[in-house]
Amino acid sequence: MPNFTLQDEYWMQHALRLAKQAGLQDEVPVGAVLVSENQMIGEGFNSPIQSHDPTAHAEIIALRQGAASVQNYRLIKTSLYVTLEPCLMCVGALIHARIDRLVFAAHDPKTGAVESQCSALDFPFHNHRVSYAGGLLAGEASDLLSDFFQKKRIR
């Protein structure tokens, strides 16, 4: 298990709160927080259904806010905290944005593109490397997702 800091836990707790907001809006409960020098510069939660936008994943929304905040699409020296292992689309966005570090909570056995289904951040042809660690508060994030989908099946 990676060594996570108190700051890592703080930001992941914030991402979990965002994930809960997504769930309340009947979106898959995933939240993301983008941090630079221990200051939040972007945040988001899943909203593809309400926004009618297939790219409206929590990570993409946080990256868009962060880029607007610093007035640059290159988000160097930043960390992204997300409650679920990113998909392939989001991994590509992290690389293009030049994120330094990704911390995610739960693994996604179906579409996770960091460790679960493929190791897209480790492909040798990328011109940027994102360091990553998964598992921080994974139980809480997994429970949120499980509860959400269980309620969906009951309806």
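Residues numbered from 1 in each chain as written. Predicted model: local features only at pLDDT ≥ 70, side-chain atom pairs only at ≥ 80, totals over all residues. Heavy atoms only, no water.

1. Here's the deal with the pattern of salt bridges
Applying the stated rule across the entire model yields three salt bridges. Among the salt bridges present, the one from Asp-8 reaches Arg-101, with a minimum N-O distance of 2.8 Å. With Asp-8 in helix α1 (residues 6-24) and Arg-101 in strand β4 (residues 101-106), this pair connects stretches of sequence that are 93 residues apart. You can call Asp-8 buried: its relative accessible area is 2%. Among the residues examined, Arg-101 registers a relative accessible area of 23% and is labelled partly exposed. (Salt bridge = Lys/Arg side-chain N within 4 Å of Asp/Glu carboxyl O. Helix = DSSP H or I, 4+ residues; strand = E, 2+ residues; numbered from the N terminus. Buried < 20%, exposed > 50% of the residue type's maximum accessible area, 1.4 Å probe, protein only.)

2. Notes on the pairing of strand β1 (residues 31-36)
The buried fraction of β1 is high, at six of six residues. The alternating pattern of β1 places Gly-31, Val-33 and Val-35 and Ala-32, Leu-34 and Ser-36 on opposite faces, both of which are buried. What sits between the antiparallel neighbours β1 and strand β2 (residues 39-45) is a turn of two residues, in which Glu-37 has the positive phi angle 50°. Bridge count between β1 and strand β3 (residues 78-84): five bridges; the pairing is antiparallel. Paired with Val-33 across the strands is Tyr-81, a residue of β3. (Pairing = 2+ DSSP bridges.)

Just geometry here; none of it tells us what the structure is for.
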